[in-house]
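Fold and geometry: a report
Listed here are the chains, written in short residue letters.
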Amino acid sequence: MKYWLLTVLISNYLLLACSGGLKDEIEPNVLSSSTELSLFSLEYKQSVFNTSIDGNTVRIDRPIPWVVEELYVSALILSKGAKASVKIGDALRLEDSSIEIEVTAEDGVTTQTYSLTFERYDYQSIVEKHGRLQVEGNKIVGKHGQAVSLAGNSFFWSNEGWGGNRFYNASVVSWLKLDWGATIVRAAMGVDEWGGYLEKQAANKTNVKKLVDAAIEEGLYVIIDWHSHHAEDYPDDAVAFFKEMAQAYADYDNIIYEIYNEPLDVSWDDVIKPYAEKVIAAIREFDKDNLIVVGTPEWSQRVDLAAQNPITSDSNVAYVMHFYSVHHTQWLRDRTTAAIAAGLPIIVTEWGCLGYTQNDPETMKWMEWCKENQIIHCNWAVNDKEEEWSIVKQEAPVNGVWSEQVLTQSGKLARSIIRTW
C-alpha cells in the first residue's frame, strides 16, 4: 500500500511538471533590466537637499551655499536588484556643475547614466552681494543701485520667561541661513511687557547681541527691533538703547534699526513722527548710514498716513507695514501700493500666515505682491509656542537642526516661501 501511494504521488508530480503547473518553481527567475532611479537626496550639516528626476537628469531643488565643497548621499532608491555607482553615505565633490551617477540593472548588463546638476549661490554672503542698504525713491537698494528684496525670519519676543528667547542663538541663525535660505533675521526685543528690556535690561540686550553677532558672522542682514506698542512712552530708553547699538554696530553693513514695532491707534503727526525723529537723531550721532525703519499707526498698517507726512530730517528711512493673512487682504495691499506710488519705501518686518495649514491662498497673494514691489519681509515667528504662527513644534530642538517632522504647518509654508525667494 505504501509503495502504491508513493507511485501515485510521483506520477502526479511529473504530470504537473509536464503541464507547466510547477513552471514558476523549476524555472530560474528572469533578471530585471530596469535602471530606474526613483529617489535621490543629499545632505550637508543635516540639511537635506532633495532632487527632482526628469529622464536621466537629476536636479538639486535649491542652490548650494557658496562654502559647500561636498554633499553626502542621504537617500537612494533604485529598481529592484539594481546598483548605483554611489551609495548612501558617499561624499560627492562639487568641483563641477554636473556629476554623473551610473546605475547598473539587476541583469548586470543594462546601464543608465544620470547627470546630477545644481546651482550654486554666486556670492559668499547676501551682505557681501548687496552691501549697505539705502533708500532711493520708494525702493530699498543695494550698493549697485538695484532694488533688494530679502526673505527671512523674525524671532519671537526676547522677553525673559516667555520661552522664545531660547532660540536666540547662533546655531538657529546658521540653520535658517543653510536650511531655509534666509537672508535676513529680526531680533524682536520686548520692551515694556513683563520680562522685557525695561525690567530685565541686561538679559534682553544679551539676547539681541547674540542674534546680531550671529547674523554678522553668517553674512545676513539683521533688524534690531524695539518691539513695543507704546514706544512713545519711553523715548529716553529708546534713545539710550539705540545709541548703544549704533556705537557697537555702525561699521557693519548688516544692520537695520527698527525703532518702533507696532504703534497702536495714535497720531502719526503728533506722536510717532516726533518720537522717530528723536531716536533717528540719536542713532545718527554714531551711525551715519545704516537703514532705519519706522512703524506706522494701527499696528503698522496706516502707511498712508506716513505717506502724507514723511520724515524729511533723514534720507535713509523706510516705513513698516505688517500683515497677517487671516485679517489683512486686498484692502491693505491696495493701501500700501498707493503709499508706494506716493513715494514711500516699505519694509514688511513681520507677517504671519493662516496657520495650521499649508493651503493659504491669501499668503500667496501677499508673496506675489512682495515680489512685484520688491519688498523685504520677515515671517513671524521663530518659536514653539502653541499658536498658529510658530514655525516649530514644542519638541523641536533649540539649536535649529529641525527635521520636517518638527515644523508646524506654518513653518513648512514659510520655509517653502523663503527657500525659493
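Residues numbered from 1 in each chain as written. Predicted model: local features only at pLDDT ≥ 70, side-chain atom pairs only at ≥ 80, totals over all residues. Heavy atoms only, no water.

**Here we look at the overall build of the protein**
Where we set the bar: For helices the rule is a DSSP run of H or I covering at least 4 residues; for strands it is a run of E covering at least 2, with both sets numbered from the N terminus onward. Our radius of gyration is a C-alpha quantity, and the globule rule it is checked against amounts to 2.2 Å times the number of residues to the power 0.38. We call a residue buried when its accessible area falls under 20% of the maximum for its residue type, exposed when it is over 50%, and partly exposed in between, using a 1.4 Å probe and counting protein chains only. Contact definition: two residues touch when any of their heavy atoms are within 4.5 Å. Values of accessible area rely on a 1.4 Å probe in the Shrake-Rupley scheme; residue burial ignores everything except the protein chains shown. Positive: Lys, Arg. Negative: Asp, Glu. His and the chain ends are not part of the count. Charge coordinates come from a single atom per side chain, which is NZ of Lys, CZ of Arg, CG of Asp or CD of Glu.
Summing up its helical and strand segments, the protein has 12 helices and 19 strands in all. Here the C-alpha atoms of the protein give a radius of gyration of 29 Å, more than 25% beyond the 22 Å that 2.2 N^0.38 yields for 421 residues. Dimensions of the protein, computed from the C-alpha atoms along their principal axes, are close to 115 × 45 × 40 Å. Counting all 421 residues of the protein, 51% fall into the buried class. Across the protein, contacts joining residues at least 24 apart in sequence account for 69% of those joining residues at least 6 apart. As presented, the protein carries roughly 19,200 Å² of accessible surface, and 49% of it is formed by carbon and sulfur atoms. Charge separation in the protein, taken as the distance between the mean sites of 36 positive and 60 negative side-chain charges, equals 3 Å.

**Some thoughts on the packing of aromatic side chains**
The criterion, for reference: A pair of Phe, Tyr and Trp rings is counted when the ring centres sit within 6.5 Å of each other, with Trp represented by its six-membered ring. The angle between the planes then sorts it: under 30 degrees is stacked, over 60 is edge-to-face, the rest tilted.
Within the structure shown, the criterion is met by 21 aromatic pairs. Arranged with centres 5.4 Å apart and planes meeting at 40°, the rings of Trp-226 and Phe-241 form a pair that is tilted. In this pair, Trp-226 sits in strand S14 (residues 221-227) while Phe-241 sits in helix H6 (residues 235-249), placing the two residues 15 residues apart along the sequence. Here Trp-226 falls in the buried class, since its relative accessible area comes to 0%.

**Examining the nonpolar core**
Across soluble globular proteins, nonpolar side chains show a tendency to be buried alongside one another. Heads up, the rule is: Nine residue types can take part in a nonpolar core, namely buried Ala, Val, Leu, Ile, Met, Phe, Trp, Tyr and Cys, and a core is a set of them joined through side-chain atoms within 4.5 Å.
Judged by nonpolar contacts, the single largest core of 103 residues is most densely connected at Phe-155, Ile-224, Trp-226, Phe-242, Tyr-257, Ile-259 and Trp-402. Ignoring anything within four residues of it in the chain, the contact list for Trp-402 reads Phe-167, Val-172, Trp-175, Leu-176, Trp-180, Val-382, Ile-391, Val-392, Ala-396, Pro-397 and Leu-407. Listed in part, the 23 residues of the second largest apolar core include Tyr-44, Val-73, Ile-99 and Val-103.

**Some words on the packing of helix H4 (residues 170-180) against helix H5 (residues 201-218)**
The test is simple: Fitted lines through C-alpha atoms give the axes, limited to the stretch in contact for helices. The angle between two N-to-C directions lies from 0 to 180 degrees. Reported orientations rely on four angle classes, namely roughly parallel under 35 degrees, roughly antiparallel over 145, roughly perpendicular from 65 to 115, and oblique for the rest. The sense of a crossing depends on the near helix, which, turned anticlockwise from the far helix by less than a right angle, makes the crossing left-handed and, turned clockwise, makes it right-handed. Side-chain classes follow a simple rule in which Ala, Val, Leu, Ile, Met, Phe, Trp, Tyr, Cys and Pro form the nonpolar group, Asp, Glu, Lys and Arg form the charged group, and the remainder, Gly included, forms the polar group.
Look at H4 against H5: their axes get within 9 Å of each other, and the N-to-C directions meet at 40°. Looking at the two axes, H4 sits oblique to H5. Considering how the two elements wind past one another, H4 and H5 form a crossing that is right-handed. For the pair H4 and H5, contact is made by Ala-170, Val-173, Ser-174 and Lys-177 and by Leu-211, Ala-214, Ala-215 and Glu-218, respectively. Split by residue class, the contact of H4 with H5 holds 5 nonpolar, 1 polar and 2 charged.

**Describing the pairing of strand S9 (residues 111-117)**
Defined as follows: Each pair of strands is called paired provided DSSP finds at least two bridges between the two strands.
Pairing of strand S4 (residues 57-60) with S9 involves 3 bridges; the strand directions are parallel. Within S9, the residue paired with Thr-57 across the bridge is Ser-115. Judged from the 7 bridges that link them, strand S8 (residues 98-104) and S9 form a sheet pairing that is antiparallel. Each residue of the ladder has a partner; that of Val-103, found in S9, is Gln-112. Where S8 hands over to S9, the hairpin turn is made up of 6 residues, of which Gly-108 adopts a positive phi near 75°.

**Looking at the pattern of salt bridges**
To keep it simple, the criterion reads: Any Lys or Arg side-chain nitrogen located within 4 Å of an Asp or Glu carboxyl oxygen qualifies as a salt bridge.
Across all of its chains, the model carries 26 salt bridges by this definition. Residue Arg-132 is joined to Asp-289 by a salt bridge in which the shortest nitrogen-to-oxygen separation is 3.9 Å. In this pair, Arg-132 is assigned in the loop between helix H3 (126-130) and strand S10 (134-136) and Asp-289 in the loop between helix H7 (268-284) and strand S16 (291-294), connecting sequence segments 157 residues apart. Look at Asp-289 and you get partly exposed, because its relative accessible area is 41%. Notably, a salt bridge pairs Lys-243 with Glu-285, separated by 3.6 Å at the nearest N-O pair. Here the residue Lys-243 occupies a position in helix H6, and Glu-285 occupies one in the loop between H7 and S16, the gap between them amounting to 42 residues. Of the residues examined, Glu-285 reaches a relative accessible area of 45% and is grouped as partly exposed. Bridged by salt links that share partners, the residues Arg-62, Asp-179, Glu-404, Arg-415 and Arg-419 form one connected network.

**Some points on the UniProt feature "domain: Glycoside hydrolase family" (unreviewed entry) in the protein**
What counts is decided by this rule: UniProt positions are given in the numbering used here, feature names are shortened, and annotations may be inferred rather than shown by experiment.
Under the present numbering, the feature "domain: Glycoside hydrolase family" (unreviewed entry) in UniProt falls on residues 142-385. Note that residues 142-385 is 39% helix and 20% strand, and that its end C-alpha atoms are spaced 35 Å apart.

**Points about the side chain of Asn-165**
Mapped onto the elements of the fold, Asn-165 is located in the loop between strand S12 (151-155) and H4. If we ignore the near neighbours within four places in the chain, the residues touching Asn-165 are Trp-157, Ser-158, Asn-159, Glu-160 and Asn-207.

**A few points about the sheet that holds S4**
Sheet architecture is open: 5 strands sit in the order S3-S4-S9-S8-S6, paired in mixed fashion. Each end of this open sheet is capped by a strand with a single partner; those strands are strand S3 (51-54) and strand S6 (83-84). Pairing between S6 and S8: 2 bridges, direction antiparallel. Counterpart to Ala-84 in the pairing with S8 is Val-103.

**Remarks on unusual backbone geometry**
Going from Trp-380 to Ala-381, the amide bond is cis rather than trans, its omega being 5°. Summarising the element assignment, Ala-381 is placed in strand S19 (residues 377-382). Within the chain, Trp-299 stands out as a residue other than glycine whose phi angle is a positive 60°. Note that Trp-299 resides in helix H8 (residues 297-300). Located in the positive-phi region is Gln-374, a residue other than glycine, with phi close to 55°. Mapped onto the elements, Gln-374 comes out in the loop between helix H11 (361-372) and S19.

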